[in-house]
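Architecture at a glance
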Amino acid sequence: METIIFYILAAIIILFAVASVTSRKILRAVIYLLFVLIGIAGLYFLVDYNYLAAIQLTVYGGGIIVLFIFAVLLIHHVELELEKTPLKKKLIAALLSAAGLGVTLWAISTYPFPVTDTSTYSSIEVAEIGRILLSYEDGGFILPFEVISVLLVAVMIGAIVVAKGKKLTENN
Amino acid sequence: MNFLQMIIPLNITKTISDWIYSIMPETAASYTIMVVIAVAYLALFAVAGLYLVLLERKVAAWFQLRIGPNRVGPWGLLQTMADALKLVSKELTSTTKIDKFLYNLAPYFVIVAALMAMAVFPFSKQFQAFDINIGVFFLIAISSIGVIGILLAGWSSNNKFALIGAMRSGLQTISYELSVGLSILTMVLLTGTLQLSEIIEAQRTGGWLILQGHIPSVIAFMIFMIAGTAETNRAPFDLVEAESELGAGFHTEYSGMKFAYFFLAEFINMFIISSIAVVLFFGGWLSPFGITENIAWFPEVIWFLIKVLGLIFLMMWFRWTFPRLRVDQLLTLEWKYLLPLNLMNLMLMAIVIWLNWTI
């Protein structure tokens with residue numbers, strides 16, 4: 001049962017990923033990308049990692065894709081199509097993606113996947129993730145957590161400054 | 001087994017599942033049960049949507065001192081059924097030069113997102129399809145997908161009013177999602193769990209969460225209802241489909257059943273927002289003061305529905321009381337008032353829990 005669902009999800013992901021890069025209508029490409037991301041969320045649900053799946057849906061589905069759509073809505077008309085890519089560009093892109101696929105396949109095939117004991121397995125609680133995220137003992141993630149929050153504050157202030165533009169300097 | 005025990009939903013489902021298991025091999029039976037549950041939820045979805053439309057019309061009529069629909073069936077009860085039949089039989093029109101694929105996809109985005117959210121609600125102790133351990137978070141994740149349908153509908157219809165409606169919808173939903181999330185987070189702080197069934201269990205002994213968390217809870221409830229009304233694109237936040245400015249907003253170019261999907265989804269979203277509020281603030285299916293707790297045959301789903309209908313009535317009351325906001329007022333309300341208030345409220349709730357001031 002799980003195997004069948006895995007292959008269905010994998011087929012969806014690959015199909016829409018290809019559709020996304022080959023589509024000449026930009027918003028369709030974005031929607032195909034959304035299906036790819038939802039498929040990945042489905043994989044997380046399949047391996048019983050609900051928290052990451054919900055994060056995937058919220059951040060990628062609800063955040064980034066909505067942002068993409070917003071940008072497309074502002075700059076693109078429904079009748080416009082992207083220009084046809086010349087053959088040379090297509091070839092370079094194909095070579096690069098083949099190289100990337102090769103590296104990934106090599107990494108996966110050489111990595112030994114040890115079989116873990118499934119009898120002691122229990123699905124990960126959100127409270128546990130939270131505790132590890134804020135722990136400053138060994139294996140805790142407090143430093144990256146804080147660094148990311150500083151980065152986000154910097155980004156927000158930067159966005160406000162950029163958006164305010166001249167008005168900020170003239171008034172103050 | 002006496003007759004009264006037969007009407008408990010648990011026993012009905014148990015009888016059906018026993019019967020299915022007795023006539024089929026085990027794997028086939030489990031798939032059949034999944035399909036039966038899905039069909040049951042679809043039916044619930046359709047009926048709830050249709051009768052909420054009728055309720056809205058009746059409430060609107062009552063607020064405006066009219067009678068409302070009263071011709072089809074007793075007290076007009078079959079009016080929305082007739083409307084649905086009419087919509088099914090209508091021609092599906094579309095304008096030229098649209099993006100056909102996205103135009104047809106958009107209604108399904110909205111309706112599937114709403115249906116997925118329905119699956120996690122505990123209607124009663126046994127009546128819950130999917131008790132996921134991140135319940136509330138899953139709801140937030142799903143509701144953030146729904147807006148994509150509206151954006152697609154507005155863009156792909158190749159109509160400027162629809163596009164303006166979609167843009168408004170996007171900025172409104174992105175802004176108010178924050179308030180919905182933060183007010184839910186305030187309550188999660190109090191329960192310490194995201195699982196919906198456990199949130200309800202936490203209210204069995206200590207009283208409803210709106211009482212347990214007193215001041216910060218009440219503030220969180222008010223913010224949640226305001227932001228929730230905005231999330232569902234209802235008046236006074238219905239800039240998305242403001243009739244006097246935009247025709248019908250993002251669904252101007254839709255007709256027949258495709259229009260009905262958007263229309264139904266709006267009412268189902270209202271049901272979802274009210275259900276979240278009921279679970280988080282008013283004890284879900286728990287009876288007030290535990291009056292029916294010891295009556296084994298009492299279907300607890302009744303309490304859930306009474307509370308949800310109460311909150312839906314509140315949202316309809318908003319609609320017929322307040323005038324529509326302008327876009328700048330909408331954004332000022334969210335970013336200058338609700339968001340800072342919400343963050344302060346979160347701190348207040350943390351202090352209340354830290355000092356053990358909960359009731």
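Residues numbered from 1 in each chain as written. Chains lettered and ligands numbered in written order. Predicted model: local features only at pLDDT ≥ 70, side-chain atom pairs only at ≥ 80, totals over all residues.

Section: the overall build of chain B
Here is the rule we go by: Numbering of helices and strands runs from the N terminus, with a helix taken as a DSSP run of H or I at least four residues long and a strand as a DSSP run of E at least two residues long. Restricting the calculation to C-alpha atoms gives the radius of gyration, and the globule rule supplies 2.2 Å times the number of residues raised to the power 0.38. The burial label depends on the number of other C-beta atoms within 10 Å of a residue's C-beta. Counts of 20 or more mean buried, 12 or fewer mean exposed, and intermediate counts mean partly exposed, with C-beta atoms placed from the backbone. Throughout, a pair of residues is in contact if the C-beta atoms placed from their backbones lie within 7 Å.
Counting secondary structure elements, chain B contains 14 helices and zero strands. In chain B, the succession of helices and strands from N to C terminus is α-α-α-α-α-α-α-α-α-α-α-α-α-α. Taken over the C-alpha trace, chain B has a radius of gyration of 21 Å; the compact-globule value for 359 residues is 21 Å, and the two agree within 12%. Taking the principal axes of its C-alpha atoms as reference, chain B extends roughly 60 × 60 × 45 Å. Taken over 359 residues, chain B has a buried fraction of 43%. In chain B, 78% of the contacts between residues at least 6 apart in sequence involve partners at least 24 apart.

Digging into the overall build of chain A
In terms of regular secondary structure, chain A is built from seven helices and zero strands. N-terminal to C-terminal, the α/β element order of chain A is α-α-α-α-α-α-α. The globule rule puts the C-alpha radius of gyration for 172 residues at 16 Å, and the 21 Å found for chain A is more than 25% above it. Taken over the C-alpha atoms alone, chain A extends approximately 65 × 50 × 25 Å along its principal axes. When each of the 172 residues of chain A is scored for burial, the buried share is 13%. When contacts within chain A are restricted to residue pairs at least 6 apart in sequence, those whose partners lie at least 24 apart make up 49%.

Comments concerning the confidence of the model for chain B
Residues and elements named next belong to chain B. What counts is decided by this rule: What pLDDT reports is the predictor's confidence in each residue, on a scale of 0 through 100.
Scored by pLDDT, chain B comes out at a mean of 84, with 96% of its residues at no less than 70. Confidence drops under a pLDDT of 50 for residues 1–9, and excluding neighbours within four residues, the segment shows 14 contacts in the predicted structure. Across the interfaces of the predicted complex, the ipTM metric reaches 0.82, alongside a pTM of 0.86.

Details of the packing of helix H10 (residues 214–231) of chain B against helix H14 (residues 327–354) of chain B
Residue and element names in this part refer to chain B. Keep this limit in mind: Whenever a helix is involved, its axis is fitted only over the stretch in contact; in every case the axis is a line through C-alpha atoms, and angles between N-to-C directions fall within 0 to 180 degrees. If an angle is under 35 degrees, it is roughly parallel; if it is over 145, roughly antiparallel; if it lies from 65 to 115, roughly perpendicular; otherwise it is oblique. When the near helix sits turned anticlockwise from the far one by under a right angle, the crossing is termed left-handed; a clockwise turn instead gives a right-handed crossing. Amino acids outside the nonpolar list (Ala, Val, Leu, Ile, Met, Phe, Trp, Tyr, Cys, Pro) and the charged list (Asp, Glu, Lys, Arg) are all regarded as polar, and Gly is one of them.
Running from N to C, H10 and H14 point in directions that differ by 150°, and their axes come no closer than 9 Å. With respect to their mutual orientation, H10 and H14 come out roughly antiparallel. Considering how the two elements wind past one another, H10 and H14 form a crossing that is left-handed. From H10, Pro216, Ile219, Ala220, Ile223, Ile226 and Ala227 reach across to H14, where they touch Leu338, Leu341, Asn342, Asn345, Leu348, Met349 and Val352. Its residues assigned to classes, the contact of H10 with H14 shows eleven nonpolar, two polar and no charged.

Looking at the nonpolar core
For clarity, the cut-off: Only buried residues count toward a nonpolar core: Ala, Val, Leu, Ile, Met, Phe, Trp, Tyr and Cys, linked into one set through C-beta atoms within 7 Å.
With 108 residues, the main nonpolar core has Val110, Ala114, Phe138, Ile148, Ala277 and Leu280 of chain B as its most contacted residues. Considering every element that reaches this core, the biggest residue donor is helix H12 (residues 256–281) of chain B, with 17 residues.

Considering the domain arrangement of chain A
Rules: Domain segmentation is taken from an automatic or database assignment of domains.
Here the domain parsing of chain A yields domain 1 (1–98) and domain 2 (124–172). Centre-to-centre separation of domain 1 of chain A and domain 2 of chain A, based on C-alpha positions: 27 Å.

Side note on helix H2 (residues 26–46) of chain A
Our working rule: Here a helix's expected span is defined as the number of its residues, less one, multiplied by 1.5 Å.
Helix length check: H2 of chain A (21 residues) gives 30 Å between terminal C-alpha atoms against 30 Å at 1.5 Å per residue, within 8%. Downstream of H2 of chain A by a residue or two, aspartate 48 of chain A has a phi angle that is positive, lying close to 65°.

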